[in-house]
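Analysis of the macromolecular model
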Amino acid sequence: MKILTLESTCDETAAAVVTDRLEVLGSVVASQDDLHGRFGGVVPEIASRAHLERIVPVIDETLRRAGVSLREIDAVAVATTPGLAGSLLVGLAAAKAIAVALDVPLLAVNHLQAHIYACRIASGEDVFPCIGLIISGGHTSLYRCRDPLDFELLGATIDDAAGEAFDKVASMLGLPYPGGPSIQRAAASGNPHAYALPRPFLQDREKLDFSFSGLKTAVRYLLVGPGRQDFHRLQLDPRQVADVAASFQEAVVDCLVDKAVLAVHRTSVAKLCVGGGVAANARFRQRIEEEASGQGIRLYVAPLKLCTDNAVMGAIAVERFKAGLFEPLDLDVQPGVVRKTG
Ligand code: KG4
Ligand code: ZN
């Protein structure tokens, strides 16, 4: 059986053809980084218009790479939650059109569940039940994942997402968008202990929440002091940039690793799965691996190419297909986060 999966939740237009045995026959990701770069973050209206232009060519190229014709597709799946409303609508409209034209089932994908399912696809192992840590540009959340479709929110950021903080601090430092990879590159030659930055909620052993906006503001004050906006006039030398980047990255990683381990201990679920763009961060991967192996936690971190948004992780739709969870054609998008699924 072959499923065409579509992903357009934020600023990547992506499609993939996957089988019910989780083989990936073809996958294409059209990034919009070049369109949003000069704004230092995703502009929703630009994102949805770009999805509209790209969705059909991306599907065509995916089918071509998979060596599969549209008529051979047995079901179409699309990410419907969470994400930017206009962006989600483009993927959903395309999926509905294909489902109607081919007379095949329509399947809905929860983008956050899909980020965790990337660990299932890549490892080939049954990773459930697990604690799921999703760290991306839009989300920083910890879930108890009882099975691929039954997720319960344990904690989340109360303000900025981890990736958003990376993007904003990179912009303050004059580093290019997306900020995560830029900060990682700059941090490689920096001293992570050069500046003492806050680790919000780290001391609070009750909370499984995160907060990154205060950390971002602390970097801002470090650079220009309160009340000033003129980052572009700053003359930072490369050593300062490297040290701020390394100190900031270390603070974010400390918070992510600590709360993920706390969630594992709190729930006595011995497996931890991590997905989302920030999971591509080399320092994070090193630290979470050290911590997990030291504490006997079975760790699954999505491989680099499945960390940032892609449609391969939409293969979670196979689980819905097997459970007979087909969607009606009046299916709608749900931009906000669903706290409990299943
Ligand atoms: O999962 P994703 O592609 O999109 C969302 O669902 O948000 O994540 C994008 C985010 C961006 O904020 C980007 O800066 C961050 O992931 N990111 C990284 C790295 N690569 C991407 N953050 C830290 N280190 C990286 N190497
Ligand atoms: Zn994502």
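Residues numbered from 1 in each chain as written. Chains lettered and ligands numbered in written order. Predicted model: local features only at pLDDT ≥ 70, side-chain atom pairs only at ≥ 80, totals over all residues. Heavy atoms only, no water.

**Describing the environment of L223**
For L223, the position within the fold is in helix α7 (residues 213-224). Classification of L223 by relative accessible area gives buried; the value is 13%. Considered as a pair, L223 and E23 are 200 residues apart in the sequence and their alpha carbons are 48 Å apart. Those residues in contact with L223, other than ones at most four positions away along the chain, are M172, L173, L234, L236 and V244. (Helix = DSSP H or I, 4+ residues; strand = E, 2+ residues; numbered from the N terminus. Buried < 20%, exposed > 50% of the residue type's maximum accessible area, 1.4 Å probe, protein only. Contact = heavy atoms within 4.5 Å.)

**Brief notes about the coordination of the zinc ion (ligand 2)**
Those protein atoms acting as donors to the zinc ion (ligand 2) are H111 (NE2), H115 (NE2) and D309 (OD), and they sit at 2.1 to 2.2 Å. Because the angles between the 4 donor atoms bound to the zinc ion (ligand 2) fall within 93 to 147°, the donor set is best described as irregular. Along the chain, the residues that donate to the zinc ion (ligand 2) are spaced as H-x3-H-x193-D. One end of the pair, H115, is in helix α4 (residues 111-123); the other, D309, is in the loop between α10 (304-307) and α11 (317-322), with 194 residues separating them in the sequence. Accessibility classification places H115 together with D309 in one group, the buried group. (Donors = N, O, S within 2.8 Å, 3.2 Å for Na, K, Ca; no water. Tetrahedral: all angles 85-135°; square planar, octahedral: opposite > 155°, others 65-115°.)

**Considerations on the packing of helix α8 (residues 238-267) against helix α9 (residues 282-294)**
At a minimum axis separation of 10 Å, α8 and α9 run at an interaxial angle of 35°. Between α8 and α9 lies a crossing of right-handed hand. Between α8 and α9, the residues in contact are Q249, E250, V253, D254, L256, V257, A260 and V261 and R283, F284, R287, I288 and E291, respectively. Looking at the contact of α8 with α9 residue by residue, the class counts come to 7 nonpolar, 1 polar and 5 charged. (Axes fitted to C-alpha atoms, helices over the stretch in contact; angles between N-to-C directions. Left-handed = near helix turned anticlockwise from the far one by under 90°. Nonpolar A, V, L, I, M, F, W, Y, C, P; charged D, E, K, R; others polar.)

**Some points on α4**
The end-to-end C-alpha separation of α4 is 19 Å, in line with the 18 Å expected for 13 residues at 1.5 Å each. Of all the bends in α4, the greatest measures close to 30° and is centred on Y117. Burial of α4 is extensive: 10 of the 13 residues sit out of reach of the surface. Residues of α4 that are buried: H111, L112, Q113, A114, H115, I116, Y117, A118, C119 and I121. Capping the start of α4, N110 holds a side-chain oxygen 2.9 Å from the backbone nitrogen of L112, two or three residues further along. At the C-terminal side of α4, G124 shows a positive phi close to 70°. (Expected span 1.5 Å × (residues − 1). Bend = angle between axes of the 7 residues up to and from the residue. Polar contact = N/O pair within 3.5 Å; in protein donor to acceptor, adjacent residues only side chain to side chain.)

**Regarding the site of ligand 1**
Around ligand 1 there are 21 residues in total, and G137, D167, G180, Q184 and D309 lie nearest to it. Measuring from an oxygen atom of ligand 1, one finds a side-chain N or O atom of H111 at 3.5 Å. Q184 places a polar side-chain atom, nitrogen or oxygen, 2.8 Å from a nitrogen atom of ligand 1. Out of a free accessible area of 560 Å², ligand 1 has 91% covered by protein chains. Elements with a minimum of two residues in the shell around ligand 1: α4, α5 (162-172) and α6 (179-187). The element best represented in the shell around ligand 1 is α6, accounting for 4 residues. (Near = heavy atom within 4 Å. Areas by Shrake-Rupley, 256 points an atom, 1.4 Å probe, with all protein chains shown as cover.)

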